[in-house]
Amino acid sequence: TAIDGVKKGKSKEVCGYPISIFFIVVNEFCERFSYYGMRAVLVLYFRYFLQFDDDLATSIYHTFVALCYLTPILGAIIADSWLGKFKTIIYLSIVYAIGQVVMAVSAVNDITDSDRNGTPDSLTFHITMSMLGLLLIALGTGGIKPCVAAFGGDQFQDHQAKQRGTFFSVFYLCINGGSLLSTIITPLLRAQECGIHSQQKCYPLAFGVPAALMVVSLVVFIAGSGMYHKTKPQGNIMLAVCKCIGFAISNRFKHRSSVHPKRTHWMDWAEERYDKLLIAQIKMVLKVLFLYIPLPMFWTLFDQKGSRWTLQATTMDGNFTVNPIFILTLVPIMDKIVYPLIKKCGLNFTPLRRMTVGMFLAAMAFVAAAVVQIQIDKTLPSFPSASQSQLKLLNMGSNTLMVKLSNNYSIELQAAQVGRLENMQLDTKKNLKYSDIFFRTHLERFSKHLFFSRATFTITNGVNTCEYSREFGFGSSYTLLIPSNFMWGPTCWEFILAVEDIKPNSFHMGWQIPQYFLITCGEVVFSVTGLEFSYSQAPSNMKAVLQAGWLFTVAVGNFIVLIVAEIAQIEEQWAEFFLFASLLVAVCIIFSIMAHFYTYTDPTAIEAQFRDKSDNESHQERLEMEKKHSIDHHDENDEQKQTKM
């Protein structure tokens, strides 16, 4: 039955909680696992499967993240104005799941690997499929973002305020739990080797498991359909806010002449058409949104954990995941220990001051990242630039000559028994394969610097075959010597000698822990506090508007990364890290000044004043109407008496 705009399912409770929320909690856990799991290996997929360079991989990654935080506005409008939260979650989750499946399919190199050499024959297909998949995922995850938590809150009755608060805590825990598990499991899945014709890094599995989890998320959510309380769409408050602001601006422009008296606030020009309570609520929202202006710079740095910092980790030794672990531990530590201790010390650590500290911590995290990058650069080999050619000759006697050639050049060598290297391929598991190698006096061009952890060389003369495999540390350089007395057979690989020219990079990933610790502290202090502050300063019916504004700052922050990556063109990565840190420190100072002049408000009290005033005016109008009605009735009686006389 529909009561007060709510379609109620079969109400069941477990331990005082609506049983329907358990479906929502499981749904959120699976969805977050799906999203963060896919995102954990996304930049590596761009870099090593689609063969994008670092800047392009970073740009595409941040464009995707920005879209994920722009589409919530669309999702909120659809839910509040048209479909309602339940149907919006269902339909966009289907879009979401399709996008994840498309991503998994895009990572199957065997689809276009007709010659079965381990490398896609056409990257165009894979790039097109992956971009389509990411677009669908951005629409899905962003569209349901403003709906799921609110839909969970709708399941509670007025007397379950305590349970509702616990639900939101568990909901946030599920987000971080899903993120933690996925960022550990998905890279492990990627590290596996799979394939139909050749064994490659298993991106299909790394994307396929998140796709499966998204399907599970959808099925679980649908399973609880009969138990949900489904609120009907009541009209989108964001549209009402935009219309009111638009009318105020246009009305002010029409009355810009000095003849018309000034008004206290420019929003007061909307009083001719809109209720004074709505105008007062919009004023409170605009006051907070003004504070949001510097916030995108924080997200500019924060979201580079998944791009620049991931690429930085690929140049280091080791493998670990710490950020989700830090989040799960630091949130309760801050709430239960740090903040109460600061309060006992008599310090007024207001929400805006916390956010300022969070921004500063994020800046320091990038200083730490820059210092780490400087140390990494000291251990990296020097590669020739795009305009340089490199030729390395090693004379081993009259019968052995080793040659290395870079860039698009060919060279004829007049020497005996020189090998021809052609059809060099790099597959997604970072295996370097030389096929069709035989002895003659011609060397084909070699034009790429390749990064791999294990190389497999296949030597053949058309009849015999010899394979040589070796593990390579990142940054190392080796010269492989094939002597003139090389002999085919089961032990042919023993004749090949590897000479280490440059030692592998031994700078361990553990040195990234300080920057991850600082950025996570910044996230806890900035993000959690920012959401709390926004809700405390938001009118009762406009919390969704501020939520959309908050998410919009994340999108803008990711667009700033695109601008720097594509326009600044800073060659040294450590310099780029220092640039971002400097920008955030400057923004932090500006935000602290803005916060100093901000006056905290009590939206509930302000709304109550307007409602009381409105009630008093209505009561006064009723009294006047009753008085007028009484006078009219008295006059009517006098007329009747006179008529009788």
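Refer to the structure above for everything that follows.
Before going into details, it helps to say that this report is about the structure given with it. It should be emphasised that the depicted structure is a prediction, and the values quoted were computed from it without experimental measurement. (Residues numbered from 1 in each chain as written. Predicted model: local features only at pLDDT ≥ 70, side-chain atom pairs only at ≥ 80, totals over all residues. Heavy atoms only, no water.)

Description of the overall build of the chain
Operational definition: Numbering goes from the N terminus for both helices and strands, where a helix is a DSSP run of H or I of at least four residues and a strand is a run of E of at least two. Think of it in three bands: with a 1.4 Å probe and only protein chains considered, a residue is buried below 20% of the maximum accessible area for its type, exposed above 50%, and partly exposed in between. In this description, contact between two residues means that some pair of their heavy atoms is separated by no more than 4.5 Å. Each accessible area is a Shrake-Rupley result for a 1.4 Å probe, and residues are judged covered by the shown protein chains and nothing else.
Looking only at helices and strands, one finds 16 helices and 15 strands in the chain. In the chain, buried positions account for 45% of the 645 residues. Sequence separation of 24 or more characterises 73% of the internal contacts of the chain that already satisfy a separation of 6 or more. Carbon and sulfur atoms provide 61% of the accessible area of the chain, an area that totals close to 32300 Å².

With respect to the nonpolar core
Using the following cut-off: Each nonpolar core is a collection of buried residues, namely Ala, Val, Leu, Ile, Met, Phe, Trp, Tyr and Cys, held together in the definition by side-chain atoms within 4.5 Å.
Leu42, Tyr45, Phe46, Phe64 and Phe207 are the most contacted members of the largest nonpolar core, which has 121 residues in total. For this core, the element with the highest residue contribution is helix α3 (residues 54-106), accounting for 17 residues. Dropping the residues within four chain positions of it, Phe64 is found in contact with Tyr35, Met38, Arg39, Leu42, Leu134, Ile137 and Ala138. Core analysis: the second largest hydrophobic core is formed by seven residues, Cys466, Tyr468, Leu480 and Phe486 among them.

Digging into the environment of Ile519
By secondary structure assignment, the location of Ile519 is in helix α13 (residues 513-537). Taking relative accessible area as the criterion, Ile519 reaches 0% and is therefore assigned buried. Spatially, the C-alpha atoms of Ile519 and Phe360 are 9.5 Å apart, while their sequence positions differ by 159 residues.

Regarding the state of the cysteines
By definition, a disulfide links the sulfur atoms of two cysteines through a covalent bond. Here is the rule we go by: Put simply, a disulfide is two cysteine sulfurs that come within 2.5 Å.
Enumeration according to the criterion identifies two disulfides in this entry. The disulfide partner of Cys194 is Cys202, and the gap between their sulfur atoms is 2.0 Å. Taking the sign of the S-S torsion, 105° for the link of Cys194 and Cys202, the bridge is right-handed. Each sulfur of the disulfide joining Cys466 and Cys492 lies 1.9 Å from the other. Linking Cys466 and Cys492, the disulfide has an S-S dihedral of approximately 105° and is accordingly described as right-handed. Here Cys492 lies in the loop between β14 (477-481) and β15 (497-502) and Cys466 lies in strand β13 (residues 465-471), a separation of 26 residues in the sequence.

Observations regarding the pattern of salt bridges
Threshold: Criterion for a salt bridge: a side-chain nitrogen of Lys or Arg within 4 Å of a carboxyl oxygen of Asp or Glu.
Tallied over the full model, the rule gives nine salt bridges. Linking Arg47 and Asp54 is a salt bridge whose minimum nitrogen-to-oxygen distance equals 2.7 Å. Taking the shortest distance from any N to any O, the salt bridge between Lys283 and Asp268 comes out at 2.6 Å. In this pair, Lys283 sits in helix α8 (residues 276-291) while Asp268 sits in the loop between α7 (237-254) and α8, placing the two residues 15 residues apart along the sequence. By sharing partners, the salt bridges in this structure join Glu28, Glu31 and Arg32 into a single network.

A short note on α3
Every α-helical turn comprises 3.6 residues, leaving residues that sit three or four positions apart pointing alike. What counts here: Here the expected length of a helix is defined as 1.5 Å per residue gap, with one fewer gap than residues. The reported bend at a residue is simply the angle between two axes, fitted to the 7 residues ending at it and to the 7 residues beginning with it. We define a polar contact as two N or O atoms separated by no more than 3.5 Å, with the added condition that, inside protein, one atom must be a possible hydrogen donor and the other a possible acceptor, whereas residues neighbouring each other in sequence contribute only through side-chain atom pairs.
Compared with the 78 Å implied by 1.5 Å per residue over 53 residues, the 20 Å span of α3 between its first and last C-alpha is markedly short. Roughly 120° is the biggest bend found in α3, and it falls at Leu83. With a side-chain oxygen lying 3.2 Å from the backbone nitrogen of Asp55, the N-terminal cap of α3 falls on Asp53.

Digging into the packing of aromatic side chains
Defined as follows: Each Phe, Tyr or Trp ring (for Trp, its six-membered ring) is paired with any other whose centre lies within 6.5 Å, and the angle between the two planes then decides the class: stacked below 30 degrees, edge-to-face above 60, tilted in between. Each ring is checked for a lysine NZ or an arginine CZ that lies within 6 Å of its centre and within 35 degrees of its normal; such an atom marks a charge sitting over the ring.
Under the definition given, this model contains 35 aromatic pairs. Ring centres of Trp299 and Phe526 lie 5.8 Å apart, and the angle between their planes is 75°; this geometry places the pair in the edge-to-face category. Of the two residues, Trp299 is situated in helix α9 (residues 296-302) and Phe526 in helix α13; the sequence distance between them amounts to 227 residues. The same class applies to Trp299 as to Phe526, namely buried. The aromatic ring of Trp269 is capped on one face by Arg263, whose charged end is 4.1 Å from the ring centroid.

Examining the side chain of Thr310
By the secondary structure assignment, Thr310 is in helix α10 (residues 308-313). A distance of 3.4 Å separates a polar side-chain atom of Thr310 from the backbone oxygen of Gly306. Sequence-distant contacts of Thr310, that is, excluding residues within four places in its chain, are made with Val43, Leu44 and Lys305.

With respect to helix α6 (residues 203-223)
With 21 residues, α6 extends 30 Å from end C-alpha to end C-alpha; this agrees with the ideal 30 Å at 1.5 Å per step. Within α6, the full set of buried residues consists of Tyr203, Ala206, Phe207, Pro210, Ala211, Leu213, Met214, Ser217, Leu218, Val220 and Phe221.

A closer look at the packing of helix α1 (residues 20-40) against helix α4 (residues 123-153)
Our working definition: Think of each axis as a best-fit line through the C-alpha atoms, taken over the contacting stretch in the case of a helix, with angles from 0 to 180 degrees between the N-to-C directions. An angle counts as roughly parallel when it lies under 35 degrees, as roughly antiparallel when it exceeds 145, as roughly perpendicular when it falls between 65 and 115, and as oblique in every other case. When the near helix sits turned anticlockwise from the far one by under a right angle, the crossing is termed left-handed; a clockwise turn instead gives a right-handed crossing. Side-chain classes are defined by residue name, with Ala, Val, Leu, Ile, Met, Phe, Trp, Tyr, Cys and Pro counting as nonpolar, Asp, Glu, Lys and Arg as charged, and the others, Gly among them, as polar.
Where α1 contacts α4, the two axes come as close as 11 Å, and the packing angle between them is 150°. Taken together, the axis directions place α1 and α4 in an arrangement best described as roughly antiparallel. The two elements α1 and α4 meet at a crossing, and its hand is left-handed. Facing Ile21, Ile24, Asn27, Glu28, Glu31, Arg32, Tyr35 and Met38 of α1, the residues of α4 in contact are Leu134, Ile137, Thr141, Ile144, Lys145, Val148, Phe151 and Gly152. A class-by-class count of the residues in the contact of α1 with α4 yields nine nonpolar, three polar and four charged.

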